Amino acid sequence: MQTTQIQNVTYNPASRAFEARVSITEDGEIFTYPCALRAPMDMDSTLAARRLVELALRRHARDARPTMSRRPENVFAAHIPDEVAHATDALWQRMLGHAA
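Keep in mind the model is a prediction, meaning the values are calculated, not measured.

Parameters and conventions
Numbers given to residues run from 1 along each chain, matching the order in which its sequence is written. In keeping with the model being predicted, local features are shown solely for residues with a pLDDT of at least 70 and side-chain atom pairs are shown and tallied solely at 80 or more, while totals for entire chains, interfaces and linings include all residues. The side-chain figures draw on all heavy atoms in the structure; neither hydrogens nor water molecules are used. Each patch groups residues whose relative accessible area exceeds 30% and which form no salt bridge, using 9 Å between like charges and 5 Å between nonpolar side chains of Val, Leu, Ile, Met, Phe, Trp and Tyr. Shrake-Rupley sampling with a 1.4 Å probe provides the accessible areas, and residues are treated as covered by the protein chains on show and by no other component. By definition, a salt bridge exists where a carboxyl oxygen of Asp or Glu is found within 4 Å of a side-chain nitrogen of Lys or Arg. Counting from the N terminus, the helices are DSSP H or I runs at least four residues long and the strands are E runs at least two residues long. Partly exposed describes any residue whose relative accessible area lies between the buried limit of under 20% and the exposed limit of over 50%, with all areas from a 1.4 Å probe on protein chains only and scaled to the type maximum. By this rule, a helix spans an expected 1.5 Å times one less than how many residues it contains. The reported arc concerns the directions from the helix axis to the C-beta atoms and nothing else.

A. Highlighting a nonpolar patch on the surface. Among the surface-exposed residues, Leu91, Trp92, Met95 and Leu96 lie close enough to one another that they form a single nonpolar patch of about 440 Å² accessible area. Looking at the secondary structure, you find Met95 in helix H2 (residues 82–95). Judged by its relative accessible area of 55%, Met95 is exposed.

B. Fine view of H2. Between its terminal C-alpha atoms H2 stretches 20 Å, which fits the 20 Å expected from 14 residues at 1.5 Å a residue. Among the residues trailing H2, Gly97 stands out with phi positive, at a value near 80°.

C. Spotlight on helix H1 (residues 45–61). Between its first and last C-alpha atoms H1 spans 24 Å; for 17 residues at 1.5 Å apiece the expected length is 24 Å, and the two agree. For H1, the full list of buried residues reads Ala48, Ala49, Leu52, Val53, Leu55, Ala56, Arg59 and His60. One face of H1 carries all of its buried residues, which in axial projection span an arc of 155°. The first or second residue beyond H1 is Asp63, which carries a positive phi of 60°.

In structure tokens form, the structure reads like this:
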């Protein structure tokens, strides 16, 4: 099964393009593509997001290795020692104001 997620759609006035990172999850792996869509700034943002996803899907279908990053899901958590994970979690909780 394949799912897509688009992150941080922005408009870059210097290049006159909408830009975003699009992640495609397939068979437990996440492939991320940087995408840019040249279009006017007043283009409907929903349409721009849909076109950015289409760009990423086309790149993924052609196996565009130079323009993607790839990582398996949850690969980092397995390599982090428990004491580091607990300290990091405690720090995030304090930063978010959740800890006493």
